[in-house]
Each structure stands twice: as C-alpha cells, then as structure tokens.
Amino acid sequence: MSETSTESHLPATQWTLIAQLRHGTELEAQRALDELILQYRYPLYCYLRRRGYSHHDADDILQDFLMKLLRNESFAAADATKGRLRCMLQVSLDRFVINWERQHQHRRREVNLEAEMPGSQSEVERRYQHEHFQSHETPEQIFGRKWTLTLLGSALNRVGELYKARGKENLFKILRPVLMDAGSLRGENGPRMAQEAGMAYGAFRTALMRMLADYQEALLQEILHTVEDPAAAAEELAQLRQSVS
C-alpha cells in the first residue's frame, strides 16, 4: 500500500453514541454520556438560554436531563428524528423541559442577568455571555449552529492528532487557519506559508489538498458518530453546512 493511500483514511467509528446510549452496557452508556457532555453540553446550554432560562435554571435543567439519559429510554420516543443525535437530543430535551416546568413552577427563578453576581456564573455561562447572536436567530438555529461548530472542532482535532502522529505537526499548525476558512488561501501569503513549512509552493498546495481531504473524512466520521443510519450522514452533512452558511 502506498504512503498516499495509507494517509488518506482516518479510523472509522463503528459504535455510535446513539447505539451506546440505547443498547450498550452500563459502562458503554456511561462513556457515551461522558463524551456527549464533553462535546455537546454547550450547544444544549445555548439552546436553553436562548429559550429564556436563566443560567441557573439552564444548568439545573441540563444536569437533570443528562443524568436522566442513563436512567430511562429517553430516546425511545424520538423515532421521527430518523436517528440523528442532534435531533434526538433536542426532541428529548423539549419533552424533558415540559415536565421540569410542571415540577418546578413554584421555584422557577426569575433572574435579572445583569444583577447576577459574577462569582455565581459557571464557565459555560461566561462563554455564553461573550456570544453575539443576531436578534432574529431562534433557539433551534443557534443550537444547530453551535452543534455544527462543535463537530467541526472535533474533526479539526482529529486531523491535528493524525498529523502529529505523522510527524507533520508544524504543517498542521501552519494550515490550521486555512482549514478553518474553508480551505481557501485567499488573503493568505501562500509562498511565505510554504517557506515556513519548508516546502516548495507547489508541494505546499498539494499538501493542503491532502489535508482538506483528511479534514472532510474526519468530519464525516464525526457525523457518523452521531447518526444511527449511515445513509443519513450525507443529508446531515448538508444540513449542518447550511446552519453555518
């Protein structure tokens, strides 16, 4: 096998988060939940905050919701979402919020955000306070965009680890901003970047094309990690691209 063909593929994910949460052992489900919380808590938090919940209530709701995922079949009633983790989480969270509201109406905090003590804010809330959402953006649109950015970031990290393993960490560092800008060298000093990488400009452009292919493959693997039916991956990718367009 040639070096090019060896380097053009990333490890595939065979055991999706949905499958682990639904059908895995207790340990597998716990690991899936840990990964879910690590990667997708912030998009869910933004969704709740945009719906008008204070950061205290959003934290409470999200904590209770995530813990409940391991105690019952929270995804069982979300069949209409076609097995996409993004949709399943939103549908399940919406239903959870209805019940949460009924149980906690008597203690729902009506908090003026400007009056809250800075020390009471979590790291996720401080991050939220630096967002610049448009007034017309709905909670669903913000959730979709943040979910997409999380997937893109995870794919970028995959590629970074891949190039580190190849001994090309410096090349990835140089090209990382280009990947984040859809792979375009417009506005960049390509020859200077090639010089920093210790490559001829033609070889540098070829390396960029290969890295873009690796990035697309990494993104596909991230999407496959969040859909139950691999056939839905292409449609999910199209929708995710639309959410950040």
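Residues numbered from 1 in each chain as written. Predicted model: local features only at pLDDT ≥ 70, side-chain atom pairs only at ≥ 80, totals over all residues. Heavy atoms only, no water.

Caption draft 1: Local environment of the overall build of the protein. Helix and strand counts for the protein come out as 11 helices and 0 strands. Element order for the protein, N to C, with α for helix and β for strand: α-α-α-α-α-α-α-α-α-α-α. When the 245 residues of the protein are sorted by exposure, 45% land in the buried category. Expressed as a percentage of contacts within the protein between residues at least 6 apart in sequence, the contacts between residues at least 24 apart total 70%. On the protein, roughly 13700 Å² of surface is accessible, and the fraction owed to carbon and sulfur atoms is 51%. (Helix = DSSP H or I, 4+ residues; strand = E, 2+ residues; numbered from the N terminus. Buried < 20%, exposed > 50% of the residue type's maximum accessible area, 1.4 Å probe, protein only. Contact = heavy atoms within 4.5 Å. Areas by Shrake-Rupley, 256 points an atom, 1.4 Å probe, with all protein chains shown as cover.)

Caption draft 2: Seen up close, the packing of aromatic side chains. This model, assessed by the stated rule, comprises 7 aromatic pairs. With a centroid separation of 6.4 Å and 85° between ring planes, the pair formed by Y53 and W100 is classed as edge-to-face. One end of the pair, Y53, is in the loop between helix 3 (26–50) and helix 4 (55–69); the other, W100, is in helix 5 (residues 85–104), with 47 residues separating them in the sequence. On the basis of relative accessible area, Y53 is assigned to the buried category, the value being 4%. Taking the relative accessible area as the measure of exposure, W100 reaches 2% and is therefore buried. Clustering of aromatic rings is evident, with ring pairs tying together Y40, Y47, F143 and W147. Sitting above the plane of the Y42 ring, R127 keeps its charged end 3.6 Å from the centroid. Across the ring face of Y163, the terminal group of R166 is positioned such that the distance to the ring centre comes to 4.6 Å. (Phe/Tyr/Trp six-rings, centres within 6.5 Å; stacked < 30°, edge-to-face > 60°. Lys NZ or Arg CZ within 6 Å of the ring centre and 35° of its normal.)

Caption draft 3: Fine view of helix 9 (residues 190–197). Of the residues making up helix 9, those classed as buried are G190, M193 and A194. An end-on view of helix 9 places all buried positions within 100° of arc, on one side of the element. With respect to the buried face of helix 9, the exposed residues turned more than 90 degrees away are R192 and Q195. For helix 9, the secondary structure elements touched by its buried residues are helix 8 (169–180) and helix 10 (201–224). Taking the backbone nitrogen of R192 as reference, a side-chain oxygen 3.1 Å away marks N189 as the first, capping residue of helix 9. (Arc of directions from axis to C-beta. Polar contact = N/O pair within 3.5 Å; in protein donor to acceptor, adjacent residues only side chain to side chain.)

Caption draft 4: The layout of surface pockets, seen in detail. Estimates place the volume of the largest pocket at around 430 Å³. As for the largest pocket, its lining consists of 19 residues, and the residues nearest its centre are L152, L179, M180, A182 and Y215. Breaking the lining of the largest pocket down by element, the ones donating at least two residues are helix 7 (139–165), helix 8, helix 10 and helix 11 (233–243). Within the lining of the largest pocket, the residues separate by chemical class into 13 nonpolar, 4 polar and 2 charged. (1 Å grid on protein atoms, 1.4 Å probe; cavity = no way out; pocket = protein on both sides within 12 Å on 5 of 7 lines; lining within 4 Å. Points joined across faces, edges and corners; volume = space filled by probe spheres on them. Nonpolar A, V, L, I, M, F, W, Y, C, P; charged D, E, K, R; others polar.)

Caption draft 5: Focus on the packing of helix 8 against helix 10. Here helix 8 crosses helix 10 at 70°, and the two axes come no closer than 11 Å. Viewed along their axes, helix 8 and helix 10 adopt a mutual orientation that is roughly perpendicular. Considering the relative orientation of helix 8 and helix 10, their crossing is right-handed. Counted together, L171, F172, I174, L175, V178 and L179 of helix 8 and F204, A207, L208, M211, L212 and Y215 of helix 10 form the full contact between these two elements. The residue makeup of the contact of helix 8 with helix 10, split by class, is 12 nonpolar, no polar and no charged. (Axes fitted to C-alpha atoms, helices over the stretch in contact; angles between N-to-C directions. Parallel < 35°, antiparallel > 145°, perpendicular 65-115°, else oblique. Left-handed = near helix turned anticlockwise from the far one by under 90°.)

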